[in-house]
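Single-letter residue listing:
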Amino acid sequence: MTITINADLQAYIDPLTTDEHAALERSLLAEGCRDALVLWGDLLIDGHNRYGICQKHGITFNTVQNETFKSIDDVHLWMIDNHLGRRSVSDFQRGVLALRKKEILSARTAQPSSETSEAEAATQANEERALTRDVIAKAARVSPVTLGQIEKIQKTAAPELVSAVKAGIVSINAAAAISSLPSDKQIEAVAGGKKELRQVARQVREAKLPPKAEPVPPPADATPDQITIHKLNLVITELNEERDQLKKKIQHLTIALAEARSAQS
């Protein structure tokens, strides 16, 4: 049997960590290769790690043909959906995969065909609905806010910061804030470790807060009642600002808690 490895397809999904690869190797040696490798013709679509380990140790394996693919985009979409359903995939990885799916579907819907059948038109309509941020976030099992942060990290983060997110050294929330800095500042923060990354993220968020307006003094001829009202208004303004800051902190903590729980599952 001829099996062809395409380097781009093999690299389309983030590789297993050293520990994950070692665990898979132990499982295959103990139980054999229970899941069939997925092929499209002679092209290997799913099971690159299993194939490599089986070749190394002479472990027998089965293959199955997926005959539904019509293009490489179909292959990519299948790979994305397949990995989105796996529990071992992190929130960041799922977000990246979901955004890749969005790019593929966006390109498809942007090129409508004049000879589209009813079935193809229905598929295209479903794909258009799948492009909404809420649907994409739901597919990635993250909030729309987190998905937006992942998109920002993809566009503006230095490679070192992206690696830190993938390794779990920095949260998605913090990395999104740090990614707004120049690349050299991002790299410097990563070199400082977890504590430095948290501190830099906090500084970035605080720097984006609007400057506090100077209170307007009461008129010189204000009556005692007017002065009292003025003081009360200042207290109310200060309390409202504290409330807004607490709301933002709660939002950031909620996101961080969700990320921590996901990493432990």
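Predicted, not measured: the structure shown is a model, and the values here were computed from it.

### Notes on the overall build of the protein chain
The helix and strand inventory of the protein chain stands at 13 helices and 3 strands. Element-wise, carbon and sulfur atoms account for 54% of the exposed surface of the protein chain, whose accessible area totals about 16900 Å².

### Some points on the pairing of strand 2 (residues 43-46)
Bridge count between strand 1 (residues 37-40) and strand 2: 3 bridges; the pairing is antiparallel. Across the sheet, the residue bridging to Leu 39 is Leu 44, located in strand 2. Counted between consecutive antiparallel strands, the loop separating strand 1 from strand 2 contains 2 residues, among which Gly 41 sits at a positive phi close to 70°.

### Regarding the nonpolar core
Residues Phe 92, Ile 153, Leu 161 and Val 170 are the most contacted members of the largest nonpolar core, which totals 28 residues. Among the secondary structure elements, those contributing two or more residues to this core are helix 5 (91-109), helix 7 (133-140), helix 8 (144-156), helix 9 (159-166), helix 10 (172-178) and helix 12 (193-207). Among the elements that make up this core, the one with the highest residue count is helix 10 (6 residues). Tyr 12, Val 75, Leu 84 and Ile 104 belong to the second-largest nonpolar core, a separate cluster that totals 15 residues.

### Structural notes on the packing of aromatic side chains
Any two aromatic rings considered together are summarised by their centre-to-centre distance and by the angle between their planes. Counted according to the given criterion, the structure contains 3 aromatic pairs. Between Tyr 51 and Phe 61, the aromatic rings sit 5.7 Å apart at their centres with planes inclined by 80°, giving edge-to-face as the arrangement. Of this pair, Tyr 51 sits in helix 3 (residues 48-57) while Phe 61 sits in the loop between helix 3 and strand 3 (63-65); the two residues are 10 residues apart in sequence, bridging distant segments of the chain. By relative accessible area, which is 15% here, Tyr 51 ends up buried. On the basis of relative accessible area, Phe 61 is assigned to the partly exposed category, the value being 24%. A network of ring pairs unites the aromatic residues Trp 40, Phe 69 and Trp 78 as a single cluster.

### Brief notes about the side chain of Asn 173
Within the secondary structure layout, Asn 173 lies in helix 10. A distance of 3.0 Å separates a polar atom in the side chain of Asn 173 from a polar atom in the side chain of Gln 149.

### Description of the pattern of salt bridges
In this structure the tally under the stated criterion is 10 salt bridges. A salt bridge links Asp 244 to Arg 243, with the shortest nitrogen-to-oxygen separation between them at 3.1 Å. The class for Arg 243 is partly exposed, based on a relative accessible area of 40%. A single network of salt bridges, built from pairs that share partners, joins Asp 46, Arg 50 and Arg 86.

### As for the sheet that holds strand 1
The strand order across the open sheet built from 3 strands is 2-1-3, with neighbouring strands paired in mixed fashion. With partners counted over all chains shown, the strands left at the sheet margins are strand 2 and strand 3, one partner each. Neighbour-to-neighbour, the strand axes of the sheet open up by a mean angle of 40°, direction not taken into account. On the sheet, helix 3 packs against strand 1 and strand 2 and is oriented at approximately 115° with respect to strand 2. Against the sheet, helix 4 (residues 72-84) touches strand 1 and strand 2, its axis set at about 30° to strand 2.

### Remarks on the environment of Glu 206
Structurally, the position occupied by Glu 206 is in helix 12. A C-alpha to C-alpha distance of 10.0 Å links Glu 206 and Gln 245, two positions 39 residues apart in sequence.

Rules of the game
- Residues numbered from 1 in each chain as written.
- Predicted model: local features only at pLDDT ≥ 70, side-chain atom pairs only at ≥ 80, totals over all residues.
- Heavy atoms only, no water.
- Helix = DSSP H or I, 4+ residues; strand = E, 2+ residues; numbered from the N terminus.
- Areas by Shrake-Rupley, 256 points an atom, 1.4 Å probe, with all protein chains shown as cover.
- Pairing = 2+ DSSP bridges.
- Core = buried A, V, L, I, M, F, W, Y, C linked by side-chain atoms within 4.5 Å.
- Buried < 20%, exposed > 50% of the residue type's maximum accessible area, 1.4 Å probe, protein only.
- Phe/Tyr/Trp six-rings, centres within 6.5 Å; stacked < 30°, edge-to-face > 60°.
- Polar contact = N/O pair within 3.5 Å; in protein donor to acceptor, adjacent residues only side chain to side chain.
- Salt bridge = Lys/Arg side-chain N within 4 Å of Asp/Glu carboxyl O.
- Axes fitted to C-alpha atoms, helices over the stretch in contact; angles between N-to-C directions.
- Contact = heavy atoms within 4.5 Å.

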